[in-house]
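Next come the chains, spelled out residue by residue.
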Amino acid sequence: MNFQLNGKQVELPEVVDSVEKLLTHYHLQSRIAVVEVNKEIVRKEEYETKKLSNGDVVEIIHFVGGG
Amino acid sequence: MKTRYSRQELFLGKESQKKVESGSVIIIGAGALGSSSAEMLARAGVGKLTIVDRDYVEWSNLQRQQLYGEEDVKNKLPKAFAAKKRLQQINSEITIDSLIEDVHGLNIEEMIKGHDVILDATDNFETRLIVNDAAVKHGIPFIMGACVASYGSTFPIIPNETPCLHCLLNHLPVDGMTCETVGVISPIVQIVTATQVTYALKILAGVSVSPILKSIDIWKDEKAEIDVKRLKNNHCPTCGEHPTYPYLKFENQTKSDVLCGRDAVQIRPPKTKVFELKVFTERLNGNVTNLIINPFLLSCGFDEYRIVFFRDGRAIVHGTNDTKVARSIYTRFLQYYLE
Ligand SMILES: [Zn+2]
């Protein structure tokens, strides 16, 4: 799979084909995050069903505690 | 034109400069983010600054907390006090208040009253949610900012316009990574605060800001921006049609009680949830000693303390009767559950 993730081209294993799997791939599944695919925000309930395809433009912003 | 603000006034214009000089900003936290934004705002001539922090200056702070020096560490000065001292050297023409206090749901409203902008410089979600409730309730813009390692994020919460922090959450917040477990470099601090202070100046000057959630990783050279307008939730308990401001409620406060005569402190989290003790045990592996687990609790040595941790998140920290110490141990301990 090829995505544009946070402004960069990335190549990920073919199994990473949903938002849920993408978050798991980056160990962000337990984090508070906002995900956007092709300029549309994906709600948490849709993470499993929202399929990703080659060329998708994905933005992930996760929240961190520190300061 | 006052010479000291002449460059800024040339940029902002006379009217806006005046607004900045009569503005007031409260900064919640005086660690890395708080030091950096406080210095910028003091130099900018913001009329009144309030700095809130519960902590003392330590050696490990000096790498990035720009208001402090070695003498402050040696004298174990509270950060809010040391910050005020330094800020007054920088600009004696403005008013600086320092509050050496732990922010909670029952004192935050009093703290923020009368301020035009609230800047987030806290190091945990719990405090952010408390401030978020109070900010929305009182209609004061709250500029979020956070950083860990080389990554940081910002979001301006404008009551009645943008979603609030509560709207953005897709999980129950439990405190994740803080500087203590993964470290942080100072350039990311400066990027986060540069963004936050820009928002603050715009708001003081009466310029509108957009609801863009931003993140940047200065080391990996990555950045992202998401317009989160769509996440504003009409049923949000904080900014929805029937707000309850849950984090300001008495029953939702984290409580820490000294257990008399036992050199121990009991911590009760604000929200109960069930922890998988077995999973927790696996994640603690190698970081604790004398670990004992049963269906109700786990007990182990952690640094020089002993922690008894119950399934519902309640814990007893043995080896101290200082609630502040116990709370910080508890927070650090909990982080293993999340990694
Ligand atoms: Zn909300």
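A quick note: this is a predicted structure, and the numbers were derived from the prediction, not measured.

On to the overall build of chain A, then. A tally of helices and strands in chain A yields one helix and five strands. A compact globule built from 67 residues would reach a C-alpha radius of gyration of about 11 Å, and chain A, at 11 Å, matches this within 12%. In terms of its C-alpha atoms, chain A occupies a principal-axis envelope of roughly 35 × 25 × 20 Å. Burial statistics for chain A: of 67 residues in total, 51% are counted as buried. Summarising the internal contacts of chain A: among those between residues at least 6 apart in sequence, 54% fall at separations of at least 24.

The next subject is the sheet that holds strand S13 (residues 305–310) of chain B. Residue and element names in this part refer to chain B. Strands sit in the order S9-S10-S14-S13-S12-S11 across an open sheet of six strands; the sheet is antiparallel. The sheet is open, and its two edges are formed by strand S9 (255–259) and strand S11 (289–293), each paired on a single side. With strand direction ignored, the average angle separating the axes of adjacent strands in the sheet is 15°. Bridge count between S9 and strand S10 (residues 264–268): five bridges; the pairing is antiparallel. Bridge pairing links Val258 to Val265 in S10. With respect to the sheet, helix H12 (residues 323–338) is in contact with S9, S10, strand S12 (297–302), S13 and strand S14 (315–318), its orientation differing from that of S13 by roughly 65°.

Attention shifts here to the coordination of the zinc ion. All names here are of chain B. Surrounding the zinc ion are the protein donor atoms Cys164 (SG), Cys167 (SG), Cys236 (SG) and Cys239 (SG), at 2.2 to 2.3 Å. Given four donor atoms and angles of 94 to 123° at the metal, the environment of the zinc ion is assigned as tetrahedral. Each donor residue of the zinc ion belongs to the same chain, and together they define the spacing C-x2-C-x68-C-x2-C. Neither residue differs from the other here; Cys236 and Cys239 are each classed as buried.

On to the domain arrangement of chain B. By domain assignment, chain B separates into domain 1 (6–251) and domain 2 (255–338). Its C-alpha centre places domain 1 of chain B at a distance of 29 Å from the equivalent point of domain 2 of chain B.

Glancing now at the pattern of salt bridges. If the charged atoms of two oppositely charged side chains come close together, the side chains can form a pair. All names here are of chain B. Applying the stated criterion to the full structure yields 13 salt bridges over all chains. Residue Glu93 is joined to Arg4 by a salt bridge in which the shortest nitrogen-to-oxygen separation is 3.7 Å. Taken as a pair, Glu93 in the loop between helix H5 (79–90) and strand S3 (95–100) and Arg4 in the segment before helix H1 (6–12) lie far apart in primary sequence, 89 residues in all. Among the ionic pairs, Lys85 bridges to Asp72, the shortest N-O distance being 2.9 Å. Taken together, the residues span a long stretch of sequence, with Lys85 in helix H5 and Asp72 in helix H4 (residues 70–74) at a distance of 13 residues. Take Lys85: its relative accessible area is 36%, and that puts it in the partly exposed class.

Let us now look at the packing of helix H3 (residues 32–44) of chain B against H5(B). All names here are of chain B. Their axes nearest at 9 Å, the elements H3 and H5 cross at an angle of 30°. Considered as vectors, H3 and H5 are oriented roughly parallel to each other. As H3 runs across H5, the sense of the crossing is right-handed. Residues Ala38, Glu39, Ala42 and Arg43 of H3 form the contact with H5, whose own contacting residues are Arg86, Leu87 and Ile90.

Residues and elements named next belong to chain B. When you tally the buried positions in strand S6 (residues 151–157), you get seven out of seven residues, the bulk of the element. Burial along S6 is two-sided: the residues Tyr151, Ser153, Phe155 and Ile157 and Gly152, Thr154 and Pro156 are all buried. Between strand S5 (residues 142–148) and S6, which pair antiparallel and follow one another directly, the connecting turn spans two residues, one of which, Ala149, has a positive phi of 60°. Inspection of the sheet shows S6 paired to strand S7 (residues 212–217) by four bridges, in the antiparallel sense. By the bridge assignment, Gly152 is partnered in S7 with Ile216.

For the rest of this paragraph, the subject is the interface of chain B and chain A. The interface of chain B with chain A comprises 40 residues on the first partner and 25 residues on the second. Roughly 2,800 Å² of surface becomes buried between chain B and chain A when both sides are summed, with 58% attributable to carbon and sulfur atoms. Across the contact surface, chain B and chain A share one salt bridge. The closest approach of N and O atoms between Arg230(B) and Glu40(A), which form a salt bridge, is 4.0 Å. Scanning the region where chain B abuts chain A turns up 11 residue pairs in polar contact (both at pLDDT 80 or more). At the level of elements, H3, helix H7 (125–138), S5, S6, helix H8 (165–168), S7 and strand S8 (222–227) of chain B are the ones that each hand at least two residues to the side of chain B that touches chain A. Considering only residue class, the side of chain B that touches chain A consists of 21 nonpolar, nine polar and 10 charged.

Cut-offs used in this document
Residues numbered from 1 in each chain as written. Chains lettered and ligands numbered in written order. Predicted model: local features only at pLDDT ≥ 70, side-chain atom pairs only at ≥ 80, totals over all residues. Heavy atoms only, no water. Helix = DSSP H or I, 4+ residues; strand = E, 2+ residues; numbered from the N terminus. Rg over C-alpha atoms; globule rule 2.2 N^0.38 Å. Buried < 20%, exposed > 50% of the residue type's maximum accessible area, 1.4 Å probe, protein only. Contact = heavy atoms within 4.5 Å. Pairing = 2+ DSSP bridges. Axes fitted to C-alpha atoms, helices over the stretch in contact; angles between N-to-C directions. Donors = N, O, S within 2.8 Å, 3.2 Å for Na, K, Ca; no water. Tetrahedral: all angles 85-135°; square planar, octahedral: opposite > 155°, others 65-115°. Domains from an automatic or database assignment. Salt bridge = Lys/Arg side-chain N within 4 Å of Asp/Glu carboxyl O. Parallel < 35°, antiparallel > 145°, perpendicular 65-115°, else oblique. Left-handed = near helix turned anticlockwise from the far one by under 90°. Buried area = accessible area lost by both parts, 1.4 Å probe. Polar contact = N/O pair within 3.5 Å; in protein donor to acceptor, adjacent residues only side chain to side chain. Nonpolar A, V, L, I, M, F, W, Y, C, P; charged D, E, K, R; others polar.

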